[in-house]
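# Close look at the chain arrangement
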Amino acid sequence: MKLLGLFNYWVFAVLLMIGLYALISKKNLVKKIMALAIFQSAVFLFFITMSRVDGGTAPIIQAGVPDQIFSNPLPQVLILTAIVVGISTTALGLAIVVRLYEEYGTVEDDEILAMDRES
Amino acid sequence: MNLADHLPALQVALPLLTAPLVILLRNGFLAWLAALVASGISFGLAILLTQAVLGPGVPEYAVGGWQPPFGISLNVDGLSALMLLLVTGASTLGLAGGRLSLRRDIDNRRAPMFYGAWLIALAGLCGIAVAGDAFNVFVFMEISSLATYILIAAGRDRRALSAVFKYLIIGTIGATFYLIGVGFIYMMTGTLNFADMALRLGDVIETRPIIIAAGFITIGLALKAAVFPLHIWLPRAYTYAPNAVTVFIAACSTKVAIYVLLRFNYGVFHGNLLGHSDLFSVFIVPLALSGILLASAIAIYQGNIKKLLAFSSVAQIGYIALAAGLATQAGLMAAQLHMFNHALAKGTLFLCVVAFVLTTRSANIAKLAGIGRRMPWTMGAFVIAGLSLIGVPGTAGFISKWYLVVAVMGVPGWGIPLVMAIVISSLMAVVYLWKFVETAYYGTPPDGDVSAMEVPLPLRLLIWSAALANIYFGLSPGLPIALAESGTGTLLGGLL
């Protein structure tokens, strides 16, 4: 039961490692960007899970409802910002991949490396 | 509240708000001028803040009137002021000295965008230095990093692109690790404010999430700071970036990551985690030592002057990390002073490289043969800054090397071997700089032409004022020492 209770954290750890592994092992630059996105999403999941309170709702005060339980809104706000950062990073990364393709004619890391060594 | 109270916010807001205006200018020269003025005013603000820190102190700035720990706070202490001086100074130096070089590297059409990105990078780096909470540090770190990737990718060489891709991947991993660490701390303490965090950590001391957080934050920031062997992104990124950009980022971007590392490890963890300082030392000191020795050795074999200086930067980061890892008052002083002095020396050296490449169009040491006789003024400044990098008495580098040696001598049992490592590395610095100086003064130019070909007078004056600053801060190091003392006081709190 304890294991299941921590389900989200397991997913966080697994996603994080999938992302990191792919970042290191994949040679294709687009796959690297995808891995980066997975890696960052894992962290988003981590923050959102942390903010959840059992039975909690959105933090909006309703008239006539006593003892409302809220989920903590702060991590969610942080993650909104972090998602924007993540999107910008992905966009910039892809833009660089496009420029790389224009210059080198390939998006494979090892081929680019080989061409760099020659020049 | 008068205007002076708003200085910490202005420091970030000014470049951040000028950036979109610069992009709207449709002319490369005007965009450059606007960026230079904004950067210059930022430098002025940093000087005002420094005066305030050394005098009455700067009150905590609550953004939007929301009081900390709930609101966003901006804090400026001695260490922040030191970083602000470095960042704004390096930016102004790079922009002022880089006009001719950047005009060649960047199309006139794209120049406004480029200078906009420059100002955003400046705003991000200033933001890290003034931010009083962990999450804003992350956001500013990403703002500055994203803008820096754009600046580096503007290099003419296509290898700039593959270099910047690697930097983007590693930089993002570093920032994400940092974010995970901040998440764990928030989970346990419910706060993001540095000061509040340091207070509340006492209640959850020695719990596993906090220890994991310390690990993630240290590794993430070590990636950003290019502590050996996490430096693999640095040499190529520095080498293929436009020369003026290298002046800017080489002087300050890695040091800002070390600044955050110091804030976390000393400001937050040091007083709260039992044995944290020992763990931190055991982790960082061997890495720093191998960086000091190996990166210096690699620098000797480089054929490109920019790559040579980049590997030298990795070694210098090693010195800073070594001093910071000692976890003593003397060590922290040495780390901060070395950040300041290394930025001064490296900024000047890369500015000289800007001048060399401007006239010869090559950063290859073999092609720069005889340059010392053709450009005696620039080469003279290069030698002065080089001496400062080595740590010759009378230059700024000597002051921090002296503090560093005194600090490592205080390590029981390890003093002599550590001093030996520093001396050996300094000798290697003599070797790699001499290699270039020898070629520059005694080598034969590749095409046999030995006529003088100096850069324009304004650039020469700028290079010389930067070089003379190396001597000035070597003879009267009062300002950096006062700032470092104030910074050490805040970092260690009431512990010592």
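Each value, and the rule that gives it
- Residues numbered from 1 in each chain as written.
- Chains lettered and ligands numbered in written order.
- Predicted model: local features only at pLDDT ≥ 70, side-chain atom pairs only at ≥ 80, totals over all residues.
- Heavy atoms only, no water.
- Helix = DSSP H or I, 4+ residues; strand = E, 2+ residues; numbered from the N terminus.
- Buried < 20%, exposed > 50% of the residue type's maximum accessible area, 1.4 Å probe, protein only.
- Contact = heavy atoms within 4.5 Å.
- Areas by Shrake-Rupley, 256 points an atom, 1.4 Å probe, with all protein chains shown as cover.
- Lys, Arg positive; Asp, Glu negative; His and termini not counted.
- Charge placed at Lys NZ, Arg CZ, Asp CG, Glu CD.
- Expected span 1.5 Å × (residues − 1).
- Disulfide = S-S within 2.5 Å.
- Patch = residues over 30% accessible without salt bridge, like charges linked within 9 Å, V, L, I, M, F, W, Y side chains within 5 Å.
- Salt bridge = Lys/Arg side-chain N within 4 Å of Asp/Glu carboxyl O.
- Buried area = accessible area lost by both parts, 1.4 Å probe.
- Phe/Tyr/Trp six-rings, centres within 6.5 Å; stacked < 30°, edge-to-face > 60°.
- Lys NZ or Arg CZ within 6 Å of the ring centre and 35° of its normal.
- Core = buried A, V, L, I, M, F, W, Y, C linked by side-chain atoms within 4.5 Å.
- Domains from an automatic or database assignment.
- Polar contact = N/O pair within 3.5 Å; in protein donor to acceptor, adjacent residues only side chain to side chain.
- Nonpolar A, V, L, I, M, F, W, Y, C, P; charged D, E, K, R; others polar.
- Axes fitted to C-alpha atoms, helices over the stretch in contact; angles between N-to-C directions.
- Parallel < 35°, antiparallel > 145°, perpendicular 65-115°, else oblique.
- Left-handed = near helix turned anticlockwise from the far one by under 90°.

A tally of helices and strands in chain A yields five helices and zero strands. Along chain A, helices and strands appear, N-terminal first, in the series α-α-α-α-α. Here chain A holds 119 residues, and the buried ones make up 34% of them. Across chain A, contacts joining residues at least 24 apart in sequence account for 48% of those joining residues at least 6 apart. Just so you have it, chain A exposes about 7100 Å², and 69% of that area is on carbon and sulfur atoms. Considering chain A, the positive charge centre built from 8 side chains and the negative charge centre built from 10 side chains are found 8 Å apart.

With that out of the way, let us pick up helix H9 (residues 208-225) of chain B. For an α-helix, the turn length of 3.6 residues means that residues three or four places apart are oriented alike. Residue and element names in this part refer to chain B. With 18 residues, H9 ought to run about 26 Å at 1.5 Å a step, and its terminal C-alpha atoms sit 26 Å apart, in line with that. When you tally the buried positions in H9, you get 13 out of 18 residues, the bulk of the element. Looking at the residues trailing H9, positive phi occurs at Ala226, about 60°.

Below, the discussion takes up the state of the cysteines. All names here are of chain B. In total, this model carries zero disulfides over all chains according to the counting rule given. Sulfur of Cys252: no disulfide; nearest cysteine sulfur belongs to Cys126 and is 8.7 Å away. Classification of Cys252 by relative accessible area gives buried; the value is 0%. Not part of a disulfide, Cys352 finds its nearest cysteine sulfur in Cys252, a span of 18 Å. Assessed through its relative accessible area of 0%, Cys352 is described here as buried.

Glancing now at a nonpolar patch on the surface. A contiguous nonpolar patch, built from Phe29(B), Leu30(B), Leu33(B), Val37(B) and Ile41(B) and spanning about 410 Å² of accessible area, is present on the exposed surface. With respect to the helices, strands and loops of the structure, Val37(B) is situated in helix H2 (residues 28-54).

So, on to the interface of chain B and chain A. Listed per partner, the contact involves 27 residues of chain B and 36 residues of chain A. Counting each side, the surface lost to burial between chain B and chain A is near 2900 Å², with a carbon and sulfur contribution of 83%. When the buried area of chain B at its contact with chain A is split by residue, Arg158(B), Phe165(B) and Tyr186(B) rank highest and sum to 23% of it. Here chain B is connected to chain A by one salt bridge.

Another aspect to go through is the packing of aromatic side chains. Any pair of aromatic rings gets described here by the distance separating the centres and the angle formed by the planes. Within the structure shown, the criterion is met by 26 aromatic pairs over all chains. Look at Phe382(B) and Phe436(B): their rings are 4.9 Å apart centre to centre, the planes differ by 55°, and that puts the pair in the tilted class. Note that Phe382(B) is positioned in helix H16 (residues 376-390) and Phe436(B) in helix H18 (residues 415-442), a separation of 54 residues in sequence. Taken as a pair, Phe382(B) and Phe436(B) share a single burial class, namely buried. Feature note: the residues Tyr9(A), Phe12(A), Phe39(A), Phe46(A), Phe47(A), Phe177(B), Phe184(B) and Phe216(B) constitute an aromatic cluster, connected by ring pairs. Over the face of the ring belonging to Tyr104(A) we find Arg158(B), whose NZ or CZ atom lies 4.2 Å from the ring centre.

So, about unusual backbone geometry. Residue and element names in this part refer to chain B. The amide bond that connects Phe228 to the next residue, Pro229, takes the cis arrangement and shows omega of 0°. Tracing the backbone through its elements, the reader meets Pro229 in the loop between H9 and helix H10 (234-240). In this structure, Ala226 takes a positive phi of about 60° despite not being glycine. Counting through the fold element by element, Ala226 comes out in the loop between H9 and H10.

For the rest of this paragraph, the subject is the nonpolar core. Residues and elements named next belong to chain B. If you look at the biggest cluster of nonpolar residues, it comprises 223 residues, and the most contacted ones within it are Tyr115, Tyr178, Phe264 and Phe436. A per-element tally of this core places helix H11 (residues 243-270) first, with 19 residues. Inspection of this core shows a minimum of three residues originating in each of domain 1 (1-274) and domain 2 (285-496). Residues within four places of Tyr115 in sequence aside, it is in contact with Val22, Gly28, Ala31, Trp32, Ala35, Leu95, Arg99 and Leu102. Judged by nonpolar contacts, the second largest core, of five residues, contains Leu337, Ile399, Ile481 and Ala484.

Let us now look at the domain arrangement of chain B. Residues and elements named next belong to chain B. Parsing chain B into structural domains produces domain 1 (1-274) and domain 2 (285-496). Centre-to-centre, using C-alpha coordinates, domain 1 lies 22 Å away from domain 2. Counting residues at the interface gives 46 residues for domain 1, matched by 44 residues for domain 2. Here domain 1 and domain 2 share an interface that buries about 4000 Å² over both sides, 79% of which is from carbon and sulfur atoms. Viewed at the interface, domain 2 and domain 1 are joined by zero salt bridges. Taken together, domain 1 and domain 2 are joined by nine residue pairs in polar contact (both at pLDDT 80 or more). Contributing elements (two or more residues each) for the side of domain 1 that touches domain 2: H2, helix H3 (78-97), helix H4 (99-105), H10 and H11. Element by element, the count of residues in the side of domain 1 that touches domain 2 is highest for H11, at 14 residues. For the side of domain 1 that touches domain 2, the class distribution of residues is 29 nonpolar, twelve polar and five charged.

What follows deals with the packing of H11(B) against helix H13 (residues 305-325) of chain B. Residue and element names in this part refer to chain B. Where H11 meets H13, the closest approach of the two axes is 11 Å, and the angle between their N-to-C directions is 15°. In terms of orientation, H11 lies roughly parallel with respect to H13. When the axes of H11 and H13 are compared, the crossing they make is right-handed. From H11, Asn243, Thr246, Thr254, Lys255, Ile258, Leu262 and Tyr266 reach across to H13, where they touch Lys306, Ile317, Ile320, Ala324 and Gly325.

Take the packing of H3(B) against helix H14 (residues 329-360) of chain B next. All names here are of chain B. Where H3 meets H14, the axes come as close as 11 Å, and the angle between the chain directions of the two elements is 5°. The pairing of H3 with H14 is recorded here as roughly parallel in orientation. Across the interface between the two elements, Leu79, Leu82, Met83, Leu86, Leu93 and Gly97 from H3 touch Gln336, Met339, Phe340, Ala343, Gly347, Leu351 and Val354 from H14. Of the residues in the contact of H3 with H14, the class split is ten nonpolar, three polar and no charged.

This paragraph deals with the side chain of Asp77(B). Among the structural elements, Asp77(B) can be located in the loop between strand S2 (73-74) and H3. Of the polar contacts made by the side chain of Asp77(B), one reaches the side chain of Ser80(B); its length is 2.9 Å.

Moving on, we get to helix H4 (residues 73-104) of chain A. All names here are of chain A. An ideal rise of 1.5 Å per residue puts 46 Å on 32 residues; H4 measures up with 46 Å between its terminal C-alpha atoms. The N-cap residue of H4 is Asn72: its side-chain oxygen and the backbone nitrogen of Leu74 are 3.0 Å apart. Gly105 occupies a position one or two residues after H4 and carries a positive phi of about 75°.

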